[in-house]
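Listed below are the residues making up each chain.
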There are 2 protein chains.
Amino acid sequence: MNLSDFLKQFVSFPPEELEDIISHFEKEIVQKNKTLVNQGQVCNKLYFIEEGVGRSYYLKEDGKEITQWFFIEGKFMSSIESFFQQVPSLYYLEMLEDSTIYSITREKLDALFAKYHDMEKFGRLLSTEMLTRVVNKLNALQFQTAKERYEYMLTEFPNISNRVSLGHIASYLGMTQETLSRIRRHDTPKKS
Amino acid sequence: MNLSDFLKQFVSFPPEELEDIISHFEKEIVQKNKTLVNQGQVCNKLYFIEEGVGRSYYLKEDGKEITQWFFIEGKFMSSIESFFQQVPSLYYLEMLEDSTIYSITREKLDALFAKYHDMEKFGRLLSTEMLTRVVNKLNALQFQTAKERYEYMLTEFPNISNRVSLGHIASYLGMTQETLSRIRRHDTPKKS
DNA sequence: TGTATCCTTTGACTTATGTCAAAAAGTAAA
DNA sequence: TTTACTTTTTGACATAAGTCAAAGGATACA
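Below, the structure is looked at part by part.

Criteria and thresholds
- Residue numbering note: each chain is counted from 1, following its sequence as written.
- Here chains are named by letter from A upward and ligands by number from 1 upward, in the order in which they appear as written.
- In keeping with the model being predicted, local features are shown solely for residues with a pLDDT of at least 70 and side-chain atom pairs are shown and tallied solely at 80 or more, while totals for entire chains, interfaces and linings include all residues.
- Side-chain descriptors were evaluated using all non-hydrogen atoms of the structure, hydrogens and water having been removed beforehand.
- Between any two strands, at least two bridges found by DSSP are needed for them to pair.
- The helix count covers DSSP runs of H or I at least four residues long, the strand count covers runs of E at least two residues long, and both are numbered beginning at the N terminus.
- Every definition here rests on a 1 Å grid over the protein atoms only: cavities are sets of points where a 1.4 Å probe fits but cannot get out, pockets are open sets enclosed by protein on both sides within 12 Å along at least five of seven lines, and lining residues have some atom within 4 Å of a point.
- Grid points are joined across faces, edges and corners, and a volume is the space filled by probe spheres set on the points.
- The classification used treats Ala, Val, Leu, Ile, Met, Phe, Trp, Tyr, Cys and Pro as nonpolar, Asp, Glu, Lys and Arg as charged, and all other residues, Gly among them, as polar.
- To form a nonpolar core, buried Ala, Val, Leu, Ile, Met, Phe, Trp, Tyr and Cys residues must be joined to one another through side-chain atoms within 4.5 Å.
- Relative accessibility under 20% of the residue-type maximum defines a buried residue, over 50% an exposed one, and the middle range a partly exposed one, all with a 1.4 Å probe and only protein chains included.
- Should any heavy atoms of two residues lie within 4.5 Å, those residues are counted as being in contact.
- If a single non-hydrogen atom of a residue is within 4 Å of a molecule or strand, that residue counts as near it.
- Identification of polar contacts relies on pairs of N or O atoms within 3.5 Å, with a donor-acceptor requirement for protein atoms, meaning one able to donate a hydrogen and the other able to accept it, and with residues adjacent in sequence counted only if both atoms are side-chain atoms.
- One fewer than the residue count of a helix, multiplied by 1.5 Å, yields its expected span.
- Axis lines are fitted to C-alpha atoms, over the contacting stretch for helices. Their N-to-C directions set the angle, which ranges from 0 to 180 degrees.
- Salt bridge, as used here: a side-chain nitrogen of Lys or Arg that lies within 4 Å of a carboxyl oxygen of Asp or Glu.

1. Quick word on the pairing of strand β3 (residues 45–51) of chain A
Pairing of β3 of chain A with strand β8 (residues 99–105) of chain A, which is carried by six bridges, proceeds in the antiparallel orientation. Bridged to K45 of chain A within β8 of chain A is T105 of chain A.

2. Details of the layout of surface pockets
Rolled over the atoms, a probe as big as a water molecule pinpoints where empty space is left. What the largest pocket holds in volume is close to 960 Å³. Forming the walls of the largest pocket are 38 residues, and the residues nearest its centre are L141, R149 and G174 of chain A together with L141 and G174 of chain B. Secondary-structure elements contributing two or more residues to the lining of the largest pocket are β5 (65–72), α5 (117–143), α7 (166–172) and α8 (177–185) of chain A together with β5 (65–72), α5 (117–143) and α7 (166–172) of chain B. Counting residues per element, the lining of the largest pocket draws most heavily on α7 of chain B, at four residues. Partitioning the lining of the largest pocket into residue classes produces 11 nonpolar, 16 polar and 11 charged.

3. Points about the nonpolar core
Residues F76 of chain A together with F76 and F122 of chain B are the most contacted members of the largest nonpolar core, which totals 129 residues. If sequence neighbours within four positions are ignored, F76 of chain B has contacts with L3, F6, F25, L46, Y47, F48, F71, F122, L126 and M130 of chain B.

4. Considering the protein's contact with DNA strand C
Taken together, 16 residues surround DNA strand C, and among them L166, Q177, S181 and R185 of chain A together with T179 of chain B come closest. Near-protein atoms of DNA strand C (within 4 Å) split between backbone and bases, with sugar and phosphate holding 58%. A distance of 3.1 Å separates a base nitrogen of DNA strand C from a polar atom in the side chain of R182 of chain A. Contributions of two or more residues to the surface near DNA strand C are made by α7 and α8 of chain A together with α8 (177–185) of chain B. When the residues that make up the surface near DNA strand C are grouped by side-chain class, the tally is two nonpolar, seven polar and seven charged.

5. Digging into α5 of chain A
End to end, α5 of chain A covers 38 Å across 27 residues, agreeing with the expected 39 Å (1.5 Å per residue, within 8%). Within α5 of chain A, 21 of the 27 residues are buried, which leaves it mostly tucked inside the rest of the structure.

6. Notes on the sheet that holds strand β6 (residues 75–77) of chain B
Residue and element names in this part refer to chain B. Read from one edge to the other, the open sheet built from four strands follows the order β1-β8-β3-β6, with strand pairing classed as antiparallel. The open sheet has two free edges, formed respectively by β1 (26–30) and β6, since each of these has just one partner strand. With direction set aside, neighbouring strand axes in the sheet form an average angle of 35°. One ladder, built from three bridges, connects strand β3 (residues 45–51) with β6; its direction is antiparallel. When the bridges of β6 are listed, Y47 appears paired with M77.

7. Digging into the pattern of salt bridges
All names here are of chain A. For the coordinates displayed, the defined rule picks out 20 salt bridges over all chains. The partner of R163 in a salt bridge is E97, and the shortest N-O contact between them spans 2.9 Å. Here R163, found in the loop between α6 (146–156) and α7, pairs with E97, found in the loop between β7 (92–95) and β8; they are 66 residues apart in sequence, far enough to count as distant. Notably, a salt bridge pairs R106 with D110, separated by 3.3 Å at the nearest N-O pair. With R106 and D110 both in helix α4 (residues 106–115), this residue pair falls four residues apart, about one helical turn. Sharing partners across several salt bridges, the network here consists of R55, E65 and E94.

Given below as structure tokens:
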């Protein structure tokens, strides 16, 4: 999915607005393993992924990485609180495949929000959609068993398991990779 | 904090817009233990709490309640995904104290978003603020020890522990009330 | 096509947290 | 106050999941 189609999913922009909006994004081709943002750095860009996969991850004191979110093609990617609140990012953002992305700075985005009521609406709808997705993960972590969490993840990120490593997925789900490996093998590690 | 001050925190509305917006809210005085929304029901209202505390909670098959969020005075309360996506709510919404709240329906809110660019901006900023708060909880649940999660909660909901029961807090933090009780007593139940 | 590296699985053991049950403390009602 | 009810704490025990370590597999590179 390209950026224009993505924008139109949320709001039916007049063609000239759409063109103006898109002209403020920059296309970038990035390689696998490229880090877009470092922990501690303010994330000043919002990225749209046309093709590829990325993730945000947190680095613990003991050196372990914990995946916070996956970002796939047709979605926006950013260190959410850092970008919106302009505070240092708790996460790294990195691409996990060679990818085609479009980026826009906070300043340009704010200018577009101020310029077009439609764009402001898009921003609102995008935020509420992200909010819904984050709440779904929260629910999975808080109410569900390890097995159910794994299934939730497959609906949120279809066939992600063929694209990223087991360890990345396990930490996203709040478990070790050994536990996830055991869950996958014999469907369930517990009684049920 | 009243509704007018809350709105002004985010956007500096012209006085007549502010007045129009506020006129679409309805004031309600509700008693402790009042349920605003049932699980399975579409939540059609957004509530602003002028005074009081509420929570959203999920009811498991085994009859246990799990608190998903607390809502205190000066904040909006709703079953977020249900309200924004108009799907059945996974949660109950209930007040935990006698409270003064203001409500607005989805229809009226949408009309205000369409009418005023400022209101649309408010909606966007409110969503991103909620998003940030939900992400903070997600981080707490995913990266932090039981003790750290308890401390995170105290910063998110100052002195909530004097207002709601231990059991509600424990389930919010994804632990049993016995565990929380032990954490509180001897600062930490683990090595550190 | 072999060598190095990375990723996944498996096993043995440890530990944090849950479960169940009962006692203690706190609060409200008569 | 006494009684009843709710909430919190404590104890003994069970268990899901983590840790550490090593063996297999897979993949990339040279």
